[in-house]
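Take a look at the letters that make up each chain.
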Amino acid sequence: MFEKILILLCLSTAILADPLPYAEWAHYHMVWLHNSHSNQIDIETMVRNYTNNNITFGIVNIDSRWATNFNTFVFNSTTFPNVREMLNNFRSRNLKIVLWMTSFVNIDSPNYEFAQQHGYLFNKTIKWWHGEGRLLDYFNPNAVNWWHSQIERLLDTVGPIHAFKADGSDPYILELLDIHITWERYRNAYYNDTFQILRRLIGPDALIMSRPVDNNLEFSPKDIVFMGWVGDEDGTYDGLKTALRYMLESGRRGYVGFGSDIGGYRTDSKAGKLGRTKELFLRWTAIGALSSFMENGGGGEHLPWNFDSQTTDIYRSWVNLHYKFVPYLYSQGTSFALGKNGSLVRECTEFECIASYSYYLGSNLFVVPLFKDPEPGQTHHLWLPKSSTEQWIDYFNTSVTYKQHHLINHDTSSLDRIPLFIEQNSLIPMYDIESDSSLHTYRFVLWGEMILDSQERILFTRDGQQWLLKFDRTNKQLNVILMNQYDSNEREQWFWKFCQYVNEQEICSQDLLELSHQSFVRLENLV
């Protein structure tokens, strides 16, 4: 049993004028429908069904065709008759709202003639996947001001929007054949402006959803991608490999946070009417959950309950796992963003990992993707790389530990899991979602048996606080110290307990403590 002690001291905390680089909701579960379902009835039905199936989600993305024409920034009142009411309902449930956009104005748009007459568009009509149009001239201040005025009108009409999904219109700039307007210059202007306009209008809670690496090419600037996606892939195992290849390349190039469309955006013609198999969907769900950004939508079937009840249950379990690790992802991602020195997805580069697509998620988790349907008795040879504590714990069975630099034969016969390992003796901040679905309660978890005499972990909270967690084996206590307070629109109350996960047990302090400067617990029964 742990003896709890709480001491409150006067704060000696640095107050910083700048906000943190990004908002925590970049790590929440996002759900969406293909643009053929971009209407109020289908979107409200999707939200209701996720809720009724007890699947947590924090973001709703509305795909293209929501507006009167592409990029008019005016909702179509026929397909969205009560859009303000719908979005107000989402916001009342703390759901974040993402809207699709590009930088094209189509020639059949009601905005085209005005924009063209005022010189706001580049003077070449280009055929793209949603028709024919001209690209906004981001180097014309008047054009940008006009563009911003439409976004401001949108927010005045429907309320706050938290991000745009800025789709890949930027490569089309190459069709101008203008040596002064390079793709790099245009894409930086496009993505930066899309990010910054919402930051100006709604504050530091605003984000952008855009590509990091797709097709082995960089799209967005590195310092704004915290909920990226790696483009449109096939709903096959080859599609999953392609997504992982672009994710690993994004990590190599220093993008902080990203994921992929679970199940692939495109359908598999061999998979029947659902567009992808149940097995592929769930293997990809695991990778989605074990990514910085978990998002699900696209062509064909993506709603778990339309496969079967087992799919729904397994999908829910992966979403719950993802949410537990949100504090870990956000704290490490924020540290990387502040230091401009890392990515939450990092490829295993040891020789034995080659062609396995295995990767580190943050500094303490190791993930091995699977590209086969499960079969009874199926096993998989996999390599466990270097660990800072020289050992790895099986996430799904904490009584099993493995040495680093070791080849093991791992059971992969189950559809509800893939190989996932945590460094022995890691101190991981996690959400206690079983006791508090509002995400205000932490578990600071020591994984496995004690090895290190002391260790420290940084925790960032979504209201801009930076905490230091200090584990002291000699004095048998965990200390919590408030280090910095960044600028934030919110101030929230937090609670926590300490746990040790070892030998298939969860040994936790009994009562919750308020997260306060210099609070600590005594740890009497550590294993």
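What you see is a predicted model, and the numbers here were worked out from it, not measured in a lab.

J.: Any chance you could explain the nonpolar core here in plain terms?
T.: Most often, soluble globular proteins have nonpolar side chains that are buried together. If you look at the biggest cluster of nonpolar residues, it comprises 168 residues, and the most contacted ones within it are Trp66, Phe75, Leu87, Leu154 and Trp496. Among the elements that line this core, the one with the most residues is helix α5 (residues 183-202), at 9 residues. Sequence-distant contacts of Phe75, that is, excluding residues within four places in its chain, are made with Ile62, Trp66, Ala67, Thr68, Phe80, Val83, Leu87, Leu99, Leu154 and Val158. In this structure, Tyr360, Leu384, Trp392 and Ile408 belong to the second largest nonpolar core, which totals 12 residues.

J.: What should I look at first to understand the sheet that holds strand β8 (residues 131-135) in this one?
T.: Within a sheet, neighbouring strands are paired by backbone hydrogen bonds and run either parallel or antiparallel to one another. Overall, antiparallel pairing links the 3 strands, which are arranged β6-β8-β7 in an open sheet. Strands at the two margins of the open sheet, each flanked by one partner only, are β6 (104-106) and β7 (126-128). Direction aside, the axes of adjacent strands within the sheet are offset by 55° on average.

J.: Would you mind showing me how to read empty space enclosed by the protein here?
T.: Take a probe with the size of a water molecule and roll it over the atoms, and the empty space left behind shows itself. Going through the model one piece at a time under the given rule, you end up with 1 cavity of 30 Å³ or more. For the largest cavity, the full set of lining residues is Ser64, Arg65, Trp66, Ala67, Asn69, Phe70, Asn71, Phe73, Trp100 and Met101. Taken together, the residues that form the lining of the largest cavity break down as 6 nonpolar, 3 polar and 1 charged.

J.: Whenever I open this one, the state of the cysteines confuses me. Can you help?
T.: In a disulfide, the sulfur atoms of two cysteines are covalently bonded to one another. Within this structure, the stated rule accounts for 2 disulfides. With its sulfur 2.1 Å from that of its partner, Cys348 forms a disulfide with Cys353. Measuring the twist about the S-S bond at about 60°, one finds the Cys348-Cys353 disulfide to be right-handed. Each member of the pair, Cys348 as well as Cys353, is classed as buried. At a sulfur-sulfur separation of 2.0 Å, the disulfide partner of Cys499 is Cys508. In this structure the cystine formed by Cys499 and Cys508 twists about its S-S bond by roughly 110°; its chirality is therefore right-handed. Here the protein chain pairs its bonded cysteines, counted in sequence order, in the arrangement 1-2, 3-4.

J.: I'm lost on the packing of aromatic side chains in this one. Help?
T.: Think of a pair of aromatic rings as described by two things: how far the centres are apart, and how the planes are tilted against each other in angle. A complete count under the given rule lists 44 aromatic pairs for this structure. Geometrically, the ring pair formed by Trp128 and Trp129 is edge-to-face, given 4.9 Å between the ring centres and 75° between the ring planes. Overall, the relative accessible area of 5% leaves Trp128 in the buried class. A relative accessible area of 39% places Trp129 in the partly exposed class. A network of ring pairs unites the aromatic residues Trp318, Phe325, Tyr328, Tyr395, Phe396, Trp447 and Tyr501 as a single cluster. Directly above the aromatic system of Trp183 lies the positively charged group of Arg187, at a separation of 4.7 Å from the ring centroid. Directly above the aromatic system of Phe219 lies the positively charged group of Arg211, at a separation of 5.6 Å from the ring centroid.

J.: Can you help me understand the layout of surface pockets in this one?
T.: Taken as a whole, the largest pocket encloses approximately 1,100 Å³ of empty space. What lines the largest pocket is a set of 39 residues, among which Tyr28, Asn94, Ser438, Leu439 and Arg462 lie closest to the centre. Among the secondary structure elements, those contributing two or more residues to the lining of the largest pocket are α1 (40-52) and α8 (309-324). Among the elements that line the lining of the largest pocket, the one with the most residues is α8, at 3 residues.

J.: Please clarify how the sheet that holds strand β20 (residues 391-394) should be interpreted in this entry.
T.: Across the sheet, which stays open at both edges, the 6 strands sit in the order β16-β17-β18-β23-β20-β21 with antiparallel pairing between neighbours. The open sheet has two edge strands, β16 (345-347) and β21 (397-403), and neither has a second partner. Strand-to-strand twist of the sheet, defined as the mean angle between neighbouring strand axes without regard to direction, takes the value 30°. As defined by bridge partners, β20 adjoins strand β23 (residues 420-423) across 3 bridges and the pair is classed as antiparallel. Following the sheet pairing, Trp392 is matched in β23 by Glu423.

Cut-offs used in this document
Residues numbered from 1 in each chain as written. Predicted model: local features only at pLDDT ≥ 70, side-chain atom pairs only at ≥ 80, totals over all residues. Heavy atoms only, no water. Core = buried A, V, L, I, M, F, W, Y, C linked by side-chain atoms within 4.5 Å. Buried < 20%, exposed > 50% of the residue type's maximum accessible area, 1.4 Å probe, protein only. Helix = DSSP H or I, 4+ residues; strand = E, 2+ residues; numbered from the N terminus. Contact = heavy atoms within 4.5 Å. Pairing = 2+ DSSP bridges. Axes fitted to C-alpha atoms, helices over the stretch in contact; angles between N-to-C directions. 1 Å grid on protein atoms, 1.4 Å probe; cavity = no way out; pocket = protein on both sides within 12 Å on 5 of 7 lines; lining within 4 Å. Points joined across faces, edges and corners; volume = space filled by probe spheres on them. Nonpolar A, V, L, I, M, F, W, Y, C, P; charged D, E, K, R; others polar. Disulfide = S-S within 2.5 Å. Phe/Tyr/Trp six-rings, centres within 6.5 Å; stacked < 30°, edge-to-face > 60°. Lys NZ or Arg CZ within 6 Å of the ring centre and 35° of its normal.

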